[in-house]
Amino acid sequence: MTRFVLPDDRVPIGDTGPHNAVPRIALVMGGGAIKGLAHVGALRAIREAGIEPAVYAGSSIGALIAAAAASGRSIDELTERALRVRRRDLFRIDHMGMLMERMLSPAIYLEAPLRTLCNDLVDEGTFEKFGHRLLVSAVDLERGAPVVFGRPGFRDVSVRDAVYASCALPGFFPPGQVGDRVCIDGGTMDNLPVNIAGLEVDAIIAVDVGIADVPHAAGVANAGFASIFMRAATMMMHAMQQATLDTWSGPPMLLVRPKVSHINWFSFSHADQLLEVGYETTRQSLRHLLDALAAPGGIFPRLEMEVAVDRDKCTGCGLCAAHYPALMAMDGRQRAYPLEPIHNFSPADAAFARCCPVEAITVNAVANRDRVADELAQLA
């Protein structure tokens, strides 16, 4: 008997008998540079709940943590490694390359430190011989196409090579050679590879630590090349990922989004905080796992949310109505308003508020359902 010990002590699920098989769950971990340390906390909560993923999948640092978990690394080992990692352990400028090759240098930083970390945390061998089902998202630089190592036709390659390539952020680390392909960071095209992971499972637990939102960042234009590049990359990856979530038609997904957007991609001084928020957010999200598993599809958890527009801020630009015509419209005074103020939203749904360039749209949990009903009645 396999039991999931969920945080709210609800009835466990899972039985190895023929009439109530244990659901096959994929654990998908997204990219997010050093913010990916939150994945270790998430993994602790998942293991405490007694969940053994049938498939591990990831992109960038999510691929590294997923591969480490699939290699059997303990939570204590991963936690200890997370707490002692320092900038110099990963980022060492390639002075010789920059001097000799100048603009032809493949990257700012040396490959060796990142390669060493991958080799330390991930077992040697090919995907064919790996103990657990593992999918690693990367991008074929020469072909300009996504590739998922671990899928049929892409299993007879080194797992370590694939993980390094998935972490090789363009411009920062040299591309990685995986079999006959030259590959770069999987987040370039698919930062949270839920589509491919959902092909062969009953449900997905997806942990997004990198691009759940893009908060205001004053002064970023004066913060140097790396900050500007990562800001632009964050916006592009967020848009691509949101498109996937907006049109999700795969198996039910529990979307876990630790609040780490305020932490810099390359800040090494928040390891404790990242581990804790990854753990606590996942632990709380797992309370909704039974709801997800009982559903035919969709993204969970789902909460009752209220959409509001500050009419004094609204300029009438119409972007919200243009991009989300099922949710927003323009009135006779060319001011935006929600077609329905109350919605049953998943963590992915409220992102539409960010389309407002003057931040006139807010999405908040409904604290008092009766109050909202009275307000709607008065407006009728």
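Residues numbered from 1 in each chain as written. Predicted model: local features only at pLDDT ≥ 70, side-chain atom pairs only at ≥ 80, totals over all residues. Heavy atoms only, no water.

A. Broad picture of the overall build of the protein. Tallying secondary structure elements over the protein gives 13 helices and 14 strands in all. Residue burial in the protein is summarised as follows: out of 380 residues, 50% are buried. The long-range share in the protein, meaning contacts at least 24 apart out of those at least 6 apart in sequence, stands at 72%. Here the protein displays about 17,900 Å² of accessible surface, and carbon together with sulfur accounts for 54% of that area. (Helix = DSSP H or I, 4+ residues; strand = E, 2+ residues; numbered from the N terminus. Buried < 20%, exposed > 50% of the residue type's maximum accessible area, 1.4 Å probe, protein only. Contact = heavy atoms within 4.5 Å. Areas by Shrake-Rupley, 256 points an atom, 1.4 Å probe, with all protein chains shown as cover.)

B. View of the nonpolar core. Leu-134, Phe-149, Val-163 and Ile-205 are the most contacted members of the largest nonpolar core, which totals 77 residues. In contact with Leu-134, not counting residues within four places along its chain, are Tyr-56, Ala-66, Ala-67, Ala-70, Phe-127, Phe-149, Gly-150 and Val-159. (Core = buried A, V, L, I, M, F, W, Y, C linked by side-chain atoms within 4.5 Å.)

C. The pairing of strand 10 (residues 303–309), seen in detail. The pairing of strand 10 with strand 13 (residues 342–345) spans 4 bridges and is classified as antiparallel. Residue Leu-303 lies in a different strand from strand 13, and its bridge partner there is Phe-345. (Pairing = 2+ DSSP bridges.)

D. Here's a closer look at helix 3 (residues 75–84). When helix 3 is considered as a whole, its buried residues turn out to be Ile-75, Leu-78, Thr-79 and Ala-82. Around the axis of helix 3, the buried residues are gathered within 100° of arc, so they sit on the same side. In the core, the buried residues of helix 3 are packed alongside helix 1 (38–48), helix 2 (61–70), helix 6 (112–121) and helix 10 (271–285). (Arc of directions from axis to C-beta.)

E. Quick look at the packing of helix 3 against helix 10. Relative orientation of the contacting elements helix 3 and helix 10 amounts to 145°, with a least axis distance of 8 Å. Judged by residue contacts, Thr-79, Ala-82 and Leu-83 of helix 3 engage Ala-271, Asp-272 and Leu-275 from helix 10. Counted by class, the contact of helix 3 with helix 10 contains 4 nonpolar, 1 polar and 1 charged residues. (Axes fitted to C-alpha atoms, helices over the stretch in contact; angles between N-to-C directions. Nonpolar A, V, L, I, M, F, W, Y, C, P; charged D, E, K, R; others polar.)

F. Examining the pattern of salt bridges more closely. Applying the stated criterion across every chain yields a total of 16 salt bridges. Arg-151 is paired through a salt bridge with Glu-200; the nearest N and O atoms lie 2.7 Å apart. On the criterion of sequence distance, the pair formed by Arg-151 in the loop between strand 4 (145–149) and helix 7 (159–167) and Glu-200 in the loop between helix 8 (194–197) and strand 7 (203–207) is long-range, its members being 49 residues apart. Judged by relative accessible area, Arg-151 falls into the buried class, the value being 18%. Connected through shared salt-bridge partners, Arg-73, Glu-77 and Asp-123 make up one network. (Salt bridge = Lys/Arg side-chain N within 4 Å of Asp/Glu carboxyl O.)

G. The arrangement of unusual backbone geometry in detail. Each neighbour pair has its own omega, and for Phe-300 with Pro-301 the value is 0°, a cis peptide bond. A positive phi is found at Ala-33, a non-glycine position, where the angle reads about 55°. In this fold, Ala-33 is placed in the loop between strand 1 (25–29) and helix 1. Positive phi, normally seen in glycine, also occurs at Glu-359, with a value near 55°. Inspection of the secondary structure assignment puts Glu-359 in the loop between strand 13 and strand 14 (361–365). You can call Glu-359 exposed: its relative accessible area is 54%.

H. The arrangement of the sheet that holds strand 14 in detail. Read across the sheet, 3 strands follow the order 13-10-14 without closing on themselves; strand pairing throughout is antiparallel. In the strand order of this sheet, the two ends are held by strand 13 and strand 14, each with one partner. Ignoring strand direction, the axes of neighbouring strands in this sheet form an average angle of 35°. Note that strand 10 and strand 14 share 5 bridges and pair antiparallel. Looking at the pairing, Val-307 lines up with Val-363 of strand 14.

I. Highlighting the packing of aromatic side chains. Counted by the stated rule, this structure contains 3 aromatic pairs. Plain terms: the ring middles of Tyr-109 and Phe-173 are 6.1 Å apart, the flat faces sit at 40° to each other, and that makes the pair tilted. Note that Tyr-109 is positioned in the loop between helix 5 (95–100) and helix 6 and Phe-173 in the loop between helix 7 and strand 5 (176–178), a separation of 64 residues in sequence. Each member of the pair, Tyr-109 as well as Phe-173, is classed as buried. When the centroid spacing of 6.3 Å and the interplanar angle of 80° are considered together, the rings of Phe-149 and Phe-154 count as edge-to-face. (Phe/Tyr/Trp six-rings, centres within 6.5 Å; stacked < 30°, edge-to-face > 60°.)

J. View of the side chain of Arg-73. Following the sequence through the fold, Arg-73 ends up in the loop between helix 2 and helix 3. Reaching out from Arg-73, the side chain makes a polar contact with the backbone oxygen of Ser-71 at a distance of 3.4 Å. Engagement of the side chain of Arg-73 in a polar contact is seen with the backbone oxygen of Asp-120, the distance being 3.5 Å. When near neighbours in sequence (up to four residues on either side) are disregarded, Arg-73 contacts Arg-47, Ala-68, Leu-78, Asp-120, Leu-121, Val-122 and Asp-123. (Polar contact = N/O pair within 3.5 Å; in protein donor to acceptor, adjacent residues only side chain to side chain.)

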